[in-house]
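Residue-level listing of the chains:
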Amino acid sequence: MNRSLNFLITILVIIILAYVFAPETDNYRQKLKVVRGIQAAEAHRAAVSEFWERTGRLPRADELGKEKILIKTSPDQEVVEAIRVGEDEPGTVTIYYKKADLPETPTSQDGNRVALIPDITNGQLTWTCWGTLPSESLPRVCRPFSGN
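Position numbers for residues start from 1 in each chain and track the written sequence from start to end. Owing to the predicted nature of the model, reporting of local features is limited to residues with pLDDT of at least 70; listing and counting of side-chain atom pairs is limited to 80 or more, with chain, interface and lining totals taken over all residues. The side-chain figures draw on all heavy atoms in the structure; neither hydrogens nor water molecules are used.

(A) Spatial organisation of the environment of arginine 57. Each helix is a run of H or I in the DSSP string that is no shorter than four residues. Each strand is a run of E no shorter than two, and both are numbered from the N terminus. For arginine 57, the position within the fold is in the loop between helix 3 (42-55) and helix 4 (63-66). Partly exposed describes any residue whose relative accessible area lies between the buried limit of under 20% and the exposed limit of over 50%, with all areas from a 1.4 Å probe on protein chains only and scaled to the type maximum. According to the relative accessible area criterion, arginine 57 is partly exposed, its value standing at 36%. Residues arginine 57 and proline 90, spaced 33 residues apart in sequence, show a C-alpha to C-alpha distance of 8.5 Å. When near neighbours in sequence (up to four residues on either side) are disregarded, arginine 57 contacts Phe51, Trp52 and Glu63. In this structure the side chain of arginine 57 is engaged in a polar contact, spanning 2.8 Å, whose partner is the side chain of glutamate 63. The contact criterion used is simple: two residues touch if any of their non-hydrogen atoms lie within 4.5 Å. In protein, a polar contact means a hydrogen-donor-capable atom and an acceptor-capable atom, both N or O and within 3.5 Å, with residues adjacent in sequence counting only if both atoms are side-chain atoms; elsewhere, any N or O pair within 3.5 Å suffices.

Quick look at the structure:
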């Protein structure tokens, strides 16, 4: 009897903790989709880093293929519409999200993207993250885009 009661109490505590700490909000789901897109762009970031190591500069939109740097992964088609390199600035990896997956985004094309921006400081390549999505949908490492 004691073992059964202890087991039931333990299960009850686990269920309560899972309910209390389970992130079930729409913001959390949207943030998860944004993170999935950023993870899908990891191969693109690696390609930009490889290009920079080879040439000492960041690639423009069409240069990765010319340098025979191939990106072997395809974006997560459930969340990501496209991933482009060097479109805005050399080396920038821009992730375009499907609007259906992020319903709070504005209707313009600029309203559904995150840009991973390379920065070269003291011979080191580092990355920052900017997004045009609502700030509650962006991971903490990303900042909302404020315009140029």
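(B) Region of interest: the nonpolar core. Ranked by size, the top nonpolar core spans 24 residues in total, and within it Ile38, Ile83, Val93, Ile95, Tyr97, Val114 and Leu116 carry the most contacts. Listed by contribution, the elements that provide at least two residues to this core are helix 2 (26-40), helix 3, strand 1 (80-85), strand 2 (93-97), strand 3 (113-121) and strand 4 (124-131). Among the elements that line this core, the one with the most residues is helix 3, at four residues. Residues belong to one nonpolar core when they are buried, are Ala, Val, Leu, Ile, Met, Phe, Trp, Tyr or Cys, and are joined through side-chain atoms within 4.5 Å.

(C) Just helix 3, in detail. Across its 14 residues, helix 3 extends 20 Å between first and last C-alpha, which sits within 8% of the 20 Å expected from 1.5 Å per residue. Just downstream of helix 3 lies glycine 56, where phi reads positive at about 80 degrees. A helix is expected to span 1.5 Å multiplied by its residue count minus one.

(D) Just the pattern of salt bridges, in detail. What makes a salt bridge here is a side-chain nitrogen of Lys or Arg within 4 Å of a carboxyl oxygen of Asp or Glu, nothing more. Taken as a whole and judged by the stated rule, the model has six salt bridges. With a closest N to O distance of 2.9 Å, glutamate 50 and arginine 54 form a salt bridge. Taken together, the positions of glutamate 50 and arginine 54, both in helix 3 and four residues apart, correspond to about one turn of that helix. Accessibility expressed as a relative area gives 47% for arginine 54, which makes it partly exposed. One salt bridge in this structure joins glutamate 63 and arginine 57, with 2.8 Å as the shortest N-O distance. Three or more residues joined by partner-sharing salt bridges are found here, namely Arg57, Arg60 and Glu63.

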